[in-house]
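So you can see what is in the structure, the chains are spelled out below.
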Amino acid sequence: MHTISIFGCSGFIGTELIGQLAKKNNKINVFTRNKTKANHLKVFPNVKLVSFSENSNFNQLLAGTDVLINLIGILYESGKGNTFKNIHSIFPSILSKLCKEYKVQQFIHLSALGINDAPDSEYAKSKLDGELNIQKNFPLATILRPSVVYSVDDNFTTSFMTLLSRLPFFPLYYNGSTKFAPIHCSDLTDTIYHVVSKNIYSKIIECVGPDILSLKEILKKLLHLIDKKRLLVPLPLFVATMSAKFFQLFPKPLLTIDQLTLLKYDNVPSGKYQTNADIGVPSTRVFDNEVEKYSYMWREI
């Protein structure tokens, strides 16, 4: 049994991870700036919601912590401090220093796959800077780099199925050739649990699913699952750029210039680091089979 402090739990990855950790009688401290968004986690045993801010006394808050897990990340910047630099670079650096100061045994940080290969993406650069800061401050840290993560509560498959069910055609950026290794949320949380329970330290682990799929293949699979026929239309780069500039004006943008930049690069294992399979936790959930379980919600739209 461990005392585990987790940052970034209100999303679907954090919710599933806490459910898994709570079954093993771990004591879990959920750090949040907004308890309302994390209230649903109270249903799990041994879970305590902890409010924090820049002025918090971390000496008290982190007392007795064995494992610290950081799941915080953003896909786009939205002001009020929610910048890539603050969230992906500065905050993980602060946490890694706290781990050293308060003698935390394990620090597990959720990063992203493919960030070494995207030097012109602000998202990727901020993620990579965060990793470098962590390794400098707390060399024992384990960094997990997942490909795109999906589940019934994601913003990936569900957003695509919503758009595919409503639009007569769907744009393909870079001809839909960008490759991904989608990993189901449960396979990712299995990996995190394995890292905790087996006391794995000082590693970068690429977390990937069993299949390599292009964006076009993913869209075709989703169309099949929701029983829809739609035109998939390749967009010239200048049109794609103009659409991204327009979409990123929205509070929750469908696409930003930086995300368009990332789509130039495949999101697959690099071969330079171990994968979840290499450490004994191969992904077992197949994309088609898992999405089929919840795709029915979009068939009648």
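Parameters at a glance
- Residues numbered from 1 in each chain as written.
- Predicted model: local features only at pLDDT ≥ 70, side-chain atom pairs only at ≥ 80, totals over all residues.
- Heavy atoms only, no water.
- Helix = DSSP H or I, 4+ residues; strand = E, 2+ residues; numbered from the N terminus.
- Rg over C-alpha atoms; globule rule 2.2 N^0.38 Å.
- Buried < 20%, exposed > 50% of the residue type's maximum accessible area, 1.4 Å probe, protein only.
- Contact = heavy atoms within 4.5 Å.
- Areas by Shrake-Rupley, 256 points an atom, 1.4 Å probe, with all protein chains shown as cover.
- Core = buried A, V, L, I, M, F, W, Y, C linked by side-chain atoms within 4.5 Å.
- Pairing = 2+ DSSP bridges.
- Arc of directions from axis to C-beta.
- Axes fitted to C-alpha atoms, helices over the stretch in contact; angles between N-to-C directions.
- Parallel < 35°, antiparallel > 145°, perpendicular 65-115°, else oblique.
- Left-handed = near helix turned anticlockwise from the far one by under 90°.
- Salt bridge = Lys/Arg side-chain N within 4 Å of Asp/Glu carboxyl O.
- Disulfide = S-S within 2.5 Å.
- Polar contact = N/O pair within 3.5 Å; in protein donor to acceptor, adjacent residues only side chain to side chain.

Caption draft 1: Seen up close, the overall build of the protein chain. Secondary structure summary: the protein chain contains eleven helices and 14 strands in total. Computed over the C-alpha atoms, the radius of gyration of the protein chain is 19 Å, within 12% of the 19 Å expected from 2.2 N^0.38 for a compact globule of 301 residues. Taking the principal axes of the C-alpha coordinates as reference, the protein chain spans close to 55 × 40 × 35 Å. Counting all 301 residues of the protein chain, 50% fall into the buried class. Restricting the contact set of the protein chain to residue pairs at least 6 apart, pairs at least 24 apart contribute 77%. Of the accessible surface of the protein chain, which amounts to about 14,700 Å², a share of 54% is contributed by carbon and sulfur atoms.

Caption draft 2: A look at the nonpolar core. Membership of the largest hydrophobic core comes to 32 residues, with the highest contact counts inside it found for Ile6 and Ile69. Going through the elements one at a time, strand 1 (3-7), helix 1 (12-22), strand 2 (27-32), strand 3 (47-51), strand 4 (67-70), strand 5 (106-110), helix 7 (185-197) and strand 11 (204-207) are the ones with two or more residues in this core. Setting aside its immediate chain neighbours within four residues, Ile6 contacts Leu17, Ile18, Leu21, Ile28, Asn29, Val30, Phe31, Ile69 and Leu71. Grouped together as the second largest cluster of nonpolar side chains are 28 residues, Tyr150, Met161, Leu219 and Val291 included.

Caption draft 3: How the structure looks around the sheet that holds strand 4. The strand order across the open sheet built from eight strands is 3-2-1-4-5-6-11-14, with neighbouring strands paired in parallel fashion. The open sheet has two edge strands with one neighbour each: strand 3 and strand 14 (274-275). Across four bridges, strand 4 lies against strand 5 in parallel orientation. Note that in strand 5 the partner of Ile69 across the bridge is Ile108.

Caption draft 4: Looking closely at helix 8 (residues 215-225). Within the sequence span of helix 8, burial applies to Leu215, Ile218, Leu219, Leu222, Leu223 and Leu225. Along helix 8, the residues classed as buried sweep out an arc of 165 degrees about the axis, all on the same side. On its buried face, helix 8 sits against helix 6 (157-166), strand 8 (169-172), strand 9 (179-180), strand 12 (213-214), strand 13 (231-234) and helix 11 (287-295).

Caption draft 5: The packing of helix 6 against helix 8, seen in detail. Close contact between helix 6 and helix 8 brings their axes to 10 Å; oriented N to C, the two are set at 65 degrees. With respect to their mutual orientation, helix 6 and helix 8 come out roughly perpendicular. Of the two possible hands of crossing, helix 6 and helix 8 adopt the one that is right-handed. Note on element contacts: helix 8 touches helix 6 through Leu215, Leu219, Leu222 and Leu223, opposite Thr157, Phe160, Met161 and Leu164.

Caption draft 6: Looking closely at the pattern of salt bridges. This model, assessed by the stated rule, comprises seven salt bridges. Lys221 is paired through a salt bridge with Asp288; the nearest N and O atoms lie 3.0 Å apart. With Lys221 in helix 8 and Asp288 in helix 11, this residue pair connects regions lying 67 residues apart in the sequence. In this structure Lys221 comes out as partly exposed when scored by relative accessible area, which is 23%. Each of Asp187, Asp190 and Arg285 takes part in one network of salt bridges that share partners.

Caption draft 7: Structural detail: helix 1. Of all the eleven residues making up helix 1, eight are buried; the element is thus mostly covered by neighbouring parts of the structure. Buried residues of helix 1: Ile13, Gly14, Leu17, Ile18, Gly19, Gln20, Leu21 and Ala22, and no others.

Caption draft 8: Up close: the state of the cysteines. By the definition in use, this model includes zero disulfides. Free of any disulfide, Cys185 has its nearest cysteine sulfur in Cys207, 12 Å distant.

Caption draft 9: Examining the side chain of Asn267 more closely. Turning to its location among the elements, Asn267 is positioned in the loop between helix 10 (257-262) and strand 14. On the accessibility criterion, Asn267 (14% relative accessible area) is buried. Within the structure, Asn267 has its side chain in polar contact with the side chain of Ser147 (distance 2.7 Å). Residue contacts for Asn267: discarding those within four places in its chain leaves Leu113, Gly114, Pro146, Ser147, Val148, Lys179, Phe180 and Ala181.

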